[in-house]
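# Observations on chain architecture
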Amino acid sequence: MTTDTETRTDESSTVRRPHGWLWASLAGLVSAAALLAVAELFAVLVARSASPVLAVGSVIVDIVPRPLKELAITVFGESDKIALLVGVGLGAAVAAAIAGVLEYRFRFVGAVILGIGGVLATAAIVTRAGAGALAWLPPVLGTVAGVVLLLTLARRLRRWVAAAAADETTAAGVNRRGFFLVSGIAAATAVVVGVGARVVNAATASVAAARDALRLPTARTTVTIPDGASLEVPGLAPIITPNSDFYRVDTALTVPNVDPSTWRLSIDGMVDQPIELSFDDLVNMGLDEYGVTLTCVSNEVGGGLVGNAIWTGIPIRDVLRMAAPQADADMVLSESVDGYTASTPLSALTDDGLDAIFAVAMNGEPLPFEHGFPVRMVVPGLYGYVSATKWVTKLTVTRFDQDEAYWTPRGYSAEAPIKMSSRVDTPKIGTPVSAGRVPIAGMAWAQPVGIERVEVSIDDGDWQSATLSTPINDQSWVQWMVDWDAQPGSHYITVRAVDKQGNVQIQEQAAIAPNGSSGWQRTLVTVR
């Protein structure tokens, strides 16, 4: 069977042989699109979380090696989820095209490959946290539809090619039109049904109206931003990070939509009294405001995966007290609605001097969806991966030697106190400045102890103390500034911090894993 294009001319007709492999690739792509469209359609009806692409993407997030995760965050930042989904889509498209070609050349081989893809997607869906009893149905029905369509298109394509090779003008034309008609209808239907179903799924699952209508009780205590908290230096990060600018790093490919009216928090494990609370139960315990800086363990020295906000919430220690943790417990395994888990020392959640909270509001409004609505954890002094569980729904009181969280088997420490750090915000790397008086400014944090001073060295010279902003508290970062008489040329700026216990920021460079980066930031600045 040839795929070359030849033209034969006689008195009555011209028969053009099709590029079989090209149209077979199209058949594979259309069949895969039909698989996804049917799966999305039935997901709307019986299981909203049963999206093959999202499920497979979530599995990839879980199994990808730690260095690749760190590389993705470094390269794509908060767009790493979008990059992953694009990659999954491209990979699926290539596999579908190959399946189409194989089905054209070798009967049933491509159908088997497409079927295997459907089985893998089904497995990814049914093994996700929160999968319902009918979660298997959408991918199975989608796989059946995709396989049947691929068999149909491949059969029509083979007939078309055979008729063209035999110079049967009428038969070739009929089968050609049939192939394109079925392909066109299937492709158009897949786009309309698939996109429509995903939009309906997202719209009907949204709890935006519930969030907009939510009226939280007035906080009993509030955070006052003191005079001098901001140094007002251009290019310097604000002391309170706006919600829209706050970093987001998590394992969720799509933001969970959790209705506060149905949300529940359960506490079990090594407790004398397992409990379950509704959202109203929680907020009616009394709300207070807290200024807390959060830091991601993936933050490189000088990086931006850190932010400060005014959180409104309830002390976790008050809720745990209701459950009465047993004396030999030392860890709390928190779990998100999407199955993510974090391991937090029990002592960090019960310490009266540490404001670990269940947060329900951020900078004066209910939590944004991407930051954990309706409830998340905020624990000062611990990296987010061991403490800041978003969309939290369960706490299991346990022991470090009995349980482990999501990131522990992936090469990260089970316990991870935030390392004291400082960074230069301005002058920015790669942006020349003019000679004369130039402010060098940045941020520093040392939770939960607080920053005592920040020191700057120019071209490895003597350390000079920076001017600090007035701290909100010891759990929030501070701004710092040094006036520099900049001379033309290239200069190195080095910064380090000292906390209120006299500890100097670690100079030794350390990678992100297993428990956070360290080192003094050294920035090259060009003065014109």
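Details of the structure are given in the entry above.
Residues numbered from 1 in each chain as written. Predicted model: local features only at pLDDT ≥ 70, side-chain atom pairs only at ≥ 80, totals over all residues. Heavy atoms only, no water.

### What about unusual backbone geometry?
Filter applied, for reference: By definition, any uninterrupted DSSP run of H or I lasting at least four residues is a helix, any uninterrupted run of E lasting at least two residues is a strand, and each is numbered from the N terminus. Each residue is placed in one exposure class: buried if its accessible area under a 1.4 Å probe, protein chains only, is under 20% of its type's maximum, exposed if it is over 50%, and partly exposed if it falls in between.
In this structure, Pro374 follows Phe373 across a cis peptide bond, with omega equal to 10°. The omega angle of the peptide bond from Gln447 to Pro448 is -10°, so this bond is cis rather than trans. In this structure, Ala324 takes a positive phi of about 60° despite not being glycine. Tracing the backbone shows Ala324 in the loop between helix 10 (316–323) and strand 7 (331–336). Residue class for Ala324 comes out partly exposed when judged on its relative accessible area of 25%.

### Side note on the pattern of salt bridges
Formally: Criterion for a salt bridge: a side-chain nitrogen of Lys or Arg within 4 Å of a carboxyl oxygen of Asp or Glu.
According to the stated counting rule, one finds 14 salt bridges in the structure shown. Between Asp268 and Lys394 there is a salt bridge whose closest N-O contact spans 3.6 Å. On the criterion of sequence distance, the pair formed by Asp268 in strand 3 (residues 264–269) and Lys394 in strand 12 (residues 392–398) is long-range, its members being 126 residues apart. Taking relative accessible area as the criterion, Asp268 reaches 26% and is therefore assigned partly exposed. Close ionic contact of Arg423 with Asp425 constitutes a salt bridge, the shortest N to O distance being 2.6 Å. Per residue, the accessibility class of Arg423 equals that of Asp425, and both read buried.

### Overview of the sheet that holds strand 16 (residues 464–465)
Heads up, the rule is: One bridge is not enough; two strands pair if DSSP finds at least two bridges between them.
Strand order in the open sheet made by the four strands is 16-15-19-20, with antiparallel pairing throughout. Edge positions in the sheet fall to strand 16 and strand 20 (521–527), since each has one partner strand and no second. Relative to strand 20, strand 19 (residues 489–499) runs antiparallel, the two sharing seven bridges. If you follow Gly489 over to strand 20, its bridge partner there is Val527.

### Some points on the environment of Leu320
Position of Leu320 among the secondary structure elements: in helix 10. Note on Leu320: relative accessible area 0%, which makes it buried.

### Notes on the packing of aromatic side chains
For any pair of aromatic rings, the description consists of the separation of the ring centres together with the inter-plane angle of the planes. We count it as follows: Geometry of aromatic contacts follows a simple scheme: Phe, Tyr and Trp rings, the Trp one being its six-membered ring, pair when their centres are within 6.5 Å, and the pair is stacked under 30 degrees between planes, edge-to-face over 60, tilted otherwise.
Per the stated rule, a full pass over the model turns up 15 aromatic pairs. With centroids separated by 4.9 Å and ring planes inclined at 90°, the aromatic side chains of Trp23 and Phe180 adopt a geometry described as edge-to-face. Remark: Phe180 occurs in helix 7 (residues 169–205) and Trp23 occurs in helix 1 (residues 20–46); sequence separation between them is 157 residues. On the accessibility criterion, Trp23 (25% relative accessible area) is partly exposed.

### Description of the side chain of Ser517
What counts here: For the purposes of these results, a polar contact is taken to be a pair of N or O atoms within 3.5 Å, where, inside protein, one atom must be able to donate a hydrogen and its partner to accept one; residues adjacent in sequence count only when each atom of the pair is a side-chain atom. Contacts are residue-level and defined by heavy atoms, with any inter-residue pair within 4.5 Å sufficient.
Among the secondary structure elements, Ser517 is positioned in the loop between strand 19 and strand 20. Given the relative accessible area of 10%, Ser517 is considered buried. A polar side-chain atom of Ser517 sits 2.8 Å from the main-chain carbonyl oxygen of Asn299. The contact partners of Ser517, leaving out residues within four places of it in the chain, are Asn299, Glu300, Val301, Tyr383, Lys419, Ala510, Ala511 and Ile512.

### Some words on the environment of Ile506
Its place among the elements puts Ile506 in the loop between strand 19 and strand 20. Accessibility expressed as a relative area gives 42% for Ile506, which makes it partly exposed. Note: C-alpha distance between Ile506 and Ser517 (eleven residues apart in sequence) is 9.8 Å. Apart from residues no more than four positions distant in its own chain, Ile506 is found in contact with Ser518, Gly519 and Trp520.

### Some points on the packing of helix 5 (residues 109–126) against helix 6 (residues 137–165)
Condition: Orientation is described by axes fitted as lines to C-alpha atoms, over the contacting stretch for helices, and by angles from 0 to 180 degrees between their N-to-C directions. Reported orientations rely on four angle classes, namely roughly parallel under 35 degrees, roughly antiparallel over 145, roughly perpendicular from 65 to 115, and oblique for the rest. Put simply, Ala, Val, Leu, Ile, Met, Phe, Trp, Tyr, Cys and Pro go in the nonpolar bin, Asp, Glu, Lys and Arg in the charged bin, and everything else, Gly too, in the polar bin.
Across the interface, helix 5 lies against helix 6 with an axial gap of 9 Å and an inter-helix angle of 170°. Here helix 5 is positioned roughly antiparallel relative to helix 6, judged by the angle of their axes. For the pair helix 5 and helix 6, the contacting residues are Gly110, Ala111, Leu114, Gly115, Gly118, Thr122 and Ile125 in the first and Pro139, Val140, Thr143, Gly146, Val147, Leu150 and Leu151 in the second. Taken together, the residues of the contact of helix 5 with helix 6 sort by class into eight nonpolar, six polar and no charged.

### So, the side chain of Ser421
Mapping Ser421 onto the fold places it in strand 13 (residues 421–426). Setting aside its immediate chain neighbours within four residues, Ser421 contacts Met443, Ala444, Trp445, Ala497 and Gln505.

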